[in-house]
Amino acid sequence: EVQLQASGGGLVQAGGSLRLSCAATGLILDDYDIGWFRQAPGKEREGVSCISNSDGSIYAADSVKGRFTISRDNPKNTVYLHMNSLKPEDTAVYYCAAIPCTLEAGTRVKYHYWGRGTLVTVSS
């Protein structure tokens, strides 16, 4: 069964850093656009960042630009989200997914694979 697993969350003070990892069973992550999403209690899930398979383009939400960096380690079949200068408002459950990064990409491919998230808590 195809499943993605996010890990690496934890408790960190504001201004600190964490690195989240996305691993998968049943697929090679390098073959897909991979996105990071987050959801805080009582709030809608929002896109955080995404890395394209086709051309390597990277996308990031305005709220995390300059602070979060998405990257691939293909030999490890892992996608990372490096989070720096964390703020309390970054507190959420973070998920990774194989999902087209853009609407245009979504017209060409229809895959969407999700999995378990990891909790990030940023204290003030």
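That block above? That's the structure.
Note that this is a predicted model, so its numbers are computed, not measured.

K.L.:
Mind showing me how you'd approach the nonpolar core here?
P.N.:
What tends to happen in soluble globular proteins is that the nonpolar side chains get buried as a cluster. Judged by nonpolar contacts, the single largest core of 29 residues is most densely connected at Trp36, Leu81, Met83 and Tyr94. The set of elements that each furnish at least two residues to this core consists of β1 (3–7), β3 (18–25), β4 (34–39), β5 (46–51), β7 (68–73), β8 (78–83), β9 (92–98) and β11 (118–123). Setting aside anything within four residues of it in sequence, one finds Met83 in contact with Gly16, Ser17, Leu18, Leu20, Arg67, Phe68, Tyr94 and Val120.

K.L.:
So what exactly am I meant to see when it comes to the state of the cysteines here?
P.N.:
In protein structure, a disulfide is the covalent linkage between the sulfur atoms of two cysteines. Enumeration over the complete set of coordinates arrives at 2 disulfides. Between the sulfur atoms of Cys22 and its disulfide mate Cys96 the distance is 2.1 Å. Residues Cys22 and Cys96 are joined by a disulfide whose S-S torsion is about 80 degrees; by sign, that bridge is right-handed. Taken together, the residues span a long stretch of sequence, with Cys22 in strand β3 and Cys96 in strand β9 at a distance of 74 residues. Here Cys22 matches Cys96 in class, with each residue buried. Here Cys50 pairs with Cys101 through a disulfide, and the sulfurs are 2.0 Å apart. Its S-S torsion of about -85 degrees marks the bond between Cys50 and Cys101 as left-handed, since a negative value means left-handed. With Cys50 in strand β5 and Cys101 in the loop between β9 and α1 (103–108), this pair connects stretches of sequence that are 51 residues apart. Judged by its relative accessible area of 8%, Cys50 is buried.

Rules used in this analysis
- Residues numbered from 1 in each chain as written.
- Predicted model: local features only at pLDDT ≥ 70, side-chain atom pairs only at ≥ 80, totals over all residues.
- Heavy atoms only, no water.
- Core = buried A, V, L, I, M, F, W, Y, C linked by side-chain atoms within 4.5 Å.
- Buried < 20%, exposed > 50% of the residue type's maximum accessible area, 1.4 Å probe, protein only.
- Helix = DSSP H or I, 4+ residues; strand = E, 2+ residues; numbered from the N terminus.
- Contact = heavy atoms within 4.5 Å.
- Disulfide = S-S within 2.5 Å.

Distances and angles like these do not, on their own, reveal function.
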